[in-house]
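# Notes for the structure review
This is what each chain is made of:
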Amino acid sequence: MASQGGQDPRLAKIASSIRVIPDFPKPGIMFQDITTLLLNPEAFKDTIDLFVERYREQNISVVAGVEARGFIFGPPIALAIGAKFVPMRKPNKLPGEVISEEYSLEYGTDTMEMHVGAVQPGDRALIVDDLIATGGTLCAAIKLIERVGAEVVECACAIELPELKGRDRLGDKPLFVLVSSDI
Amino acid sequence: MSADKDEDPRMYGIKSRIRVVPDFPKPGIMFQDITTLLLDSKAFKDTIDLFVERYKDRNISVVAGIEARGFIFGPPIALAIGAKFVPLRKPGKLPGEVISEDYVLEYGKDCLQMHIGAVQPEERALVVDDLIATGGTLCAAMNLLERVGAEVVECACVIELPDLKGRERLKGKPLYVLVESH
């Protein structure tokens, strides 16, 4: 697993604290498990710091985190940069009025929801998840935020699986990741 | 609820940012929605600060957060006090080896899982969720931690629904909450 750029000394520890679990959730998939990163307080702090350093001067008003592992990384970033945190959730989890965006899975579709009123026109948003694979989930999140008139400044993930070309699915939206995994 | 916390000037902002949504997820339930708190970055920061101030000198080595809203409050607390964060999840979500604890719902049952090896014997743990209702989920979380030999120091939630008596289901462990809702 290579760390992006290789210069920042914190990246090596972050990369090495991510665990790969073979055949999860099904045979043939090498699952990138960030829970072992969370067990290393210094590595977890470094992960958040790397994102915060990048975003704190960019006038981000919203950090949107994708359920559920985006809920682990998004809020600490939001708190540090003084932005709102907006959870993007599976259907029927958010109470009250929501807007929904359907997206494709390998087999079938899924739906992502966001609260009406959480994000305003003119908000500058960062979208956070632990990992980008095909980019389908992030793409749905981008659409939800743009539908309410806000701007997606960047998508940020701890890990990218570049062979799945998720970056291409984000269109003109930039993607920032800490670790690339070719497994 | 302690007098200190009630008089803390930050509490007004926190309480006022929690939204009640009637008839969710089903008729008759008044749902305590913390997402509006998260939209106010000062109130969210104050919420975390109140927990951090309470726990930072108590040698807590593990913060366990219950999926999914415990994932919002637990990690910022863990980061601030230098503890590990351990996600407690619904079945089938955690990869690799897990231990499971079943618990009873109003109708039927559910299950909470934790990674084997995440928590060591004699670690001092805090369990975090957004809200305590009947206490069933928190009780399952405590059981998981105790089964691997850790000590649950306290359970911490933003909101308590005291009429549901969840506090009594915590096997004598202390509960700390910021807001009570009747």
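Residues numbered from 1 in each chain as written. Chains lettered and ligands numbered in written order. Predicted model: local features only at pLDDT ≥ 70, side-chain atom pairs only at ≥ 80, totals over all residues. Heavy atoms only, no water.

### As for the state of the cysteines
Across all of its chains, the model carries zero disulfides over all chains by this definition. Free cysteine: Cys139 of chain A, not disulfide-bonded; nearest cysteine sulfur from Cys155 of chain A at 8.8 Å. For Cys139 of chain A, a relative accessible area of 15% puts it in the buried group. Lacking any disulfide linkage, Cys157 of chain B is separated from the closest cysteine sulfur, that of Cys155 of chain B, by 6.7 Å. (Disulfide = S-S within 2.5 Å. Buried < 20%, exposed > 50% of the residue type's maximum accessible area, 1.4 Å probe, protein only.)

### Some details on the UniProt feature "domain: Phosphoribosyltransferase" (unreviewed entry) in chain B
Taking the numbering used here, the UniProt-annotated feature "domain: Phosphoribosyltransferase" (unreviewed entry) corresponds to residues 42-164 of chain B. Segment residues 42-164 of chain B splits into 31% helix and 35% strand. End C-alpha atoms: 30 Å apart. (UniProt positions renumbered as here; feature names shortened; annotations may be inferred. Helix = DSSP H or I, 4+ residues; strand = E, 2+ residues; numbered from the N terminus.)

### Thoughts on the interface of chain B and chain A
Between chain B and chain A, the contact holds 34 residues from the first and 34 residues from the second. When residues of chain B are sorted by the area they lose upon contact with chain A, Leu39, Leu79 and Pro95 of chain B head the list and together hold 22% of the total. The tally of links between chain B and chain A comes to eight residue pairs in polar contact (both at pLDDT 80 or more). Within the residue set of the side of chain B that touches chain A, elements represented by two or more residues are strand 1 (19-22), strand 2 (30-33), helix 3 (35-38), helix 4 (41-55), helix 5 (70-81) and strand 4 (84-88) of chain B. Among the elements that make up the side of chain B that touches chain A, the one with the highest residue count is helix 5 of chain B (five residues). For the side of chain B that touches chain A, a count of residues per class yields 20 nonpolar, six polar and eight charged. (Contact = heavy atoms within 4.5 Å. Buried area = accessible area lost by both parts, 1.4 Å probe. Polar contact = N/O pair within 3.5 Å; in protein donor to acceptor, adjacent residues only side chain to side chain. Nonpolar A, V, L, I, M, F, W, Y, C, P; charged D, E, K, R; others polar.)

### A closer look at the pattern of salt bridges
Summed over the entire model, instances satisfying the criterion amount to 33 salt bridges over all chains. Notably, a salt bridge pairs Arg10 of chain B with Asp8 of chain B, separated by 2.8 Å at the nearest N-O pair. For the pair shown, Arg10 of chain B and Asp8 of chain B are each scored as buried. Residues Arg54 of chain B and Glu154 of chain B are paired through a salt bridge, measuring 2.6 Å at the closest nitrogen-oxygen approach. Placement of Arg54 of chain B in helix 4 and of Glu154 of chain B in strand 8 (residues 151-160) is noted, with a sequence separation of 100 residues between them. Each of Asp8, Arg10 and Glu53 of chain A takes part in one network of salt bridges that share partners. (Salt bridge = Lys/Arg side-chain N within 4 Å of Asp/Glu carboxyl O.)

### Structural notes on the nonpolar core
Here is a general trend for soluble globular proteins: nonpolar side chains tend to be buried in one another's company. Val63, Phe73 and Ile77 of chain A together with Val63 and Phe73 of chain B are the most contacted members of the largest nonpolar core, which totals 72 residues. Beyond its immediate stretch of four places on either side in the chain, Phe73 of chain B contacts Ile34, Leu37, Leu38, Phe44, Thr47, Ile48, Val128, Asp130 and Val158 of chain B. (Core = buried A, V, L, I, M, F, W, Y, C linked by side-chain atoms within 4.5 Å.)

### Some points on the packing of aromatic side chains
Residue and element names in this part refer to chain A. According to the stated counting rule, one finds ten aromatic pairs over all chains in the structure shown. Here Tyr55 and Phe176 contribute two aromatic rings whose centre-to-centre distance is 6.4 Å and whose plane-to-plane angle is 90°, an arrangement assigned as edge-to-face. Of this pair, Tyr55 sits in helix 3 (residues 41-55) while Phe176 sits in strand 10 (residues 175-180), placing them 121 residues apart in sequence. The exposure classification of Tyr55 matches that of Phe176, with both residues buried. (Phe/Tyr/Trp six-rings, centres within 6.5 Å; stacked < 30°, edge-to-face > 60°.)

### Description of the packing of helix 4 (residues 70-81) of chain A against helix 5 of chain B
In the contact formed by helix 4 of chain A and helix 5 of chain B, the axes pass within 8 Å of each other and the chain directions differ by 60°. Looking at the two axes, helix 4 of chain A sits oblique to helix 5 of chain B. Pair helix 4 of chain A / helix 5 of chain B crosses with right-handed handedness. Facing Phe71, Ile72, Pro75, Pro76 and Leu79 of chain A of helix 4 of chain A, the residues of helix 5 of chain B in contact are Phe71, Ile72, Pro75, Pro76 and Leu79 of chain B. Considered class by class, the residues forming the contact of helix 4 of chain A with helix 5 of chain B number ten nonpolar, no polar and no charged. (Axes fitted to C-alpha atoms, helices over the stretch in contact; angles between N-to-C directions. Parallel < 35°, antiparallel > 145°, perpendicular 65-115°, else oblique. Left-handed = near helix turned anticlockwise from the far one by under 90°.)

### Thoughts on the pairing of strand 3 (residues 62-66) of chain B
Moving residue by residue along a regular strand, the side chains alternate between the two faces of the sheet. Residue and element names in this part refer to chain B. Most of strand 3 is tucked away, with five of its five residues classed as buried. By the alternation rule, side chains of strand 3 split into Val62, Ala64 and Ile66 and Val63 and Gly65, which are all buried. Taken together, strand 3, helix 5 and strand 4 constitute a β-α-β crossover, and its handedness is right-handed. (Right-handed = clockwise from strand over helix to strand, strands pointing away.)

### What about helix 1 (residues 9-16) of chain A?
Residues and elements named next belong to chain A. For helix 1, the full list of buried residues reads Arg10, Leu11, Ile14 and Ala15. Down the axis of helix 1, the smallest arc covering the buried residues is 130°, so these residues share one side. Within helix 1, the exposed residues directed more than 90 degrees away from the buried face are Pro9 and Ser16. (Arc of directions from axis to C-beta.)

### Digging into the sheet that holds strand 4 of chain B
Residue and element names in this part refer to chain B. Pairing in this open sheet of five strands is parallel, and the strands run 4-3-7-8-9 from one edge to the other. Every interior strand has two partners, whereas the edge strands, strand 4 and strand 9 (175-180), have only one. Averaged over all pairs of adjacent strands, the angle between their axes in this sheet comes to 20°, without regard to strand direction. (Pairing = 2+ DSSP bridges.)

### Regarding unusual backbone geometry
The peptide bond linking Phe24 of chain A to Pro25 of chain A adopts the cis configuration, its omega dihedral lying at 0°. Note the cis peptide between Glu67 of chain A and Ala68 of chain A, where omega equals -5°. Of note, Ala68 of chain A is situated in the loop between strand 4 (62-66) and helix 4. Located in the positive-phi region is Asn59 of chain B, a residue other than glycine, with phi close to 50°. Within the secondary structure layout, Asn59 of chain B lies in the loop between helix 4 and strand 3. Classification of Asn59 of chain B as exposed rests on a relative accessible area of 65%. A positive phi angle, close to 55°, is found at Lys171 of chain B, a residue other than glycine. Assessed through its relative accessible area of 43%, Lys171 of chain B is described here as partly exposed.

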